[in-house]
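# Per-entry structural report
These are the residues of each chain, in order.
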Amino acid sequence: MKETAPLTMKDIARELGVSVSTVSRALSDSSRISAERRDMIKKYAQEHNFYPNFIAGSLRKSRVQPLKIIGVIIPEFAHYFFSSVLSGIEEEAYKRGYRVMVAQSDEKYDKEVDICQSFFENKVCGIIVSQAKDTRQYDHFQNLINQGVPLVFYDRICTGVDASRVVVDDYMGAYNAVNYLIATGCRRVAFYGASMKLEISKNRYNGYRDALLKAGLKPEERFFRECDNRVDAETVTPELLQQEEIPDAFFAVNDDTAIGIIYTAKHMGYRVPEDISVCGFTNGHQATSCDPMLTTVEQRGDKVGREAADILISQVEGLIPIDKIEKRVVRTRLIVRGTTR
């Protein structure tokens, strides 16, 4: 026997001839909806055993307020950017009376799926997430949306799911950084990026490529490497620096990778920045702890976190309709230090 798909807010809205936001507000007991319409919608929902996750407590027990807890999924705690995003989320959540429940996916799809299920079972009012590197299927995200759970992506967005998102301007950040390298005399700029299956990697590569093309320089495949951490950078960089014609600059997808490049280049006898310029992307604590200090693109993770929390809380409270897709972009800026000419 075929299993019946769970009822969603969209189904209720269609059956009753109202908008999804009206259903959401009615089930949240919003005063913006008339008492008569609220009762009609709530009665229909209860008759069909529909309990939206973020208001389940108040539907099951009268006069009980929804749990004001936000679920946050980060790929890895060790990465400065993700920890700064978390700080921004917590700052905005605390200011507006919410608490945060945090879990780490370890860049693993299976663990990400389990965390989503756990958050749902624990009745979080919504989830903020940056998808794991190896996530290729998105049913676990779509299921949350179908159950009426507000979902906001940050940094690594899921193009297969129609949900709100907050990103940095990866394209312009990369474009401006590479444009600066070229302006300082660099002509053979290598690119170290994450998997091209991730939107952020595609956007940064496109910014890198377009800056080269604008300057009349041809992007060369021999100067491209899929490399997004220090360990791998220390492994693959010697190969590039042993070619007959070596790069005179490196643009890396993050600071950790950039520092691996610096360490390797100096270990091989090259001077930074006299022989080789290096630029990263993050502007974390590492950027000012290396010698010379790192030129990098500042991501402003705390701002990303605050914006993501603002969208989510606004959807939970009915200030933004739950079916409205919010797309916000946080501007980056280039921080010039000692690893570039």
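Our subject is the structure that appears above.
This write-up is about the structure you can find in this document.

## Structural notes on the pattern of salt bridges
Here the structure, examined in full by the defined rule, presents 24 salt bridges. When the shortest N-O distance is used, the salt bridge between Lys 133 and Asp 228 registers 2.5 Å. Residue Lys 133 is found in the loop between β3 (126–129) and α7 (139–146), and its partner Asp 228 is found in the loop between β7 (224–226) and α10 (230–241); the two are separated by 95 residues along the sequence. Look at Asp 228 and you get buried, because its relative accessible area is 17%. The salt bridge involving Asp 275 is made with Arg 271; its shortest N-O contact spans 3.0 Å. Looking at Asp 275, the relative accessible area reads 27%, which means it is partly exposed. Through salt bridges with shared partners, one network takes in Glu 92, Lys 95, Arg 96, Lys 303, Glu 307, Asp 310, Glu 317, Lys 324, Glu 326 and Arg 328.

## With respect to α7
Within α7 the residues assigned to the buried category are His 140, Phe 141 and Leu 144. For α7, the angular spread of buried residues about the axis comes to 105°, placing them on one side.

## A short note on the packing of helix α1 (residues 9–16) against helix α2 (residues 20–27)
The interhelical angle for the contact between α1 and α2, taken along N-to-C directions, is 105°, at an axis separation of 8 Å. Taken together, the axes of α1 and α2 lie roughly perpendicular to each other. Across the interface between the two elements, Met 9, Lys 10, Ile 12 and Ala 13 of α1 pack against Val 20, Val 23, Ser 24 and Leu 27 of α2. Here the contact of α1 with α2 is composed, by residue class, of six nonpolar, one polar and one charged.

## Considerations on the sheet that holds strand β4 (residues 151–154)
Spatial ordering of the open sheet is given by β2-β1-β3-β4-β5-β11, a layout of six strands whose pairing is parallel. On the outer flanks of this sheet lie β2 (99–104) and β11 (327–330), each paired with one strand and no other. Going from strand to strand, the sheet's axes swing by 20° on average, the running direction of each strand aside. The sheet contact formed by strand β5 (residues 164–168) and β11 spans four bridges and is parallel.

What counts as what
- Residues numbered from 1 in each chain as written.
- Predicted model: local features only at pLDDT ≥ 70, side-chain atom pairs only at ≥ 80, totals over all residues.
- Heavy atoms only, no water.
- Salt bridge = Lys/Arg side-chain N within 4 Å of Asp/Glu carboxyl O.
- Helix = DSSP H or I, 4+ residues; strand = E, 2+ residues; numbered from the N terminus.
- Buried < 20%, exposed > 50% of the residue type's maximum accessible area, 1.4 Å probe, protein only.
- Arc of directions from axis to C-beta.
- Axes fitted to C-alpha atoms, helices over the stretch in contact; angles between N-to-C directions.
- Parallel < 35°, antiparallel > 145°, perpendicular 65-115°, else oblique.
- Contact = heavy atoms within 4.5 Å.
- Nonpolar A, V, L, I, M, F, W, Y, C, P; charged D, E, K, R; others polar.
- Pairing = 2+ DSSP bridges.

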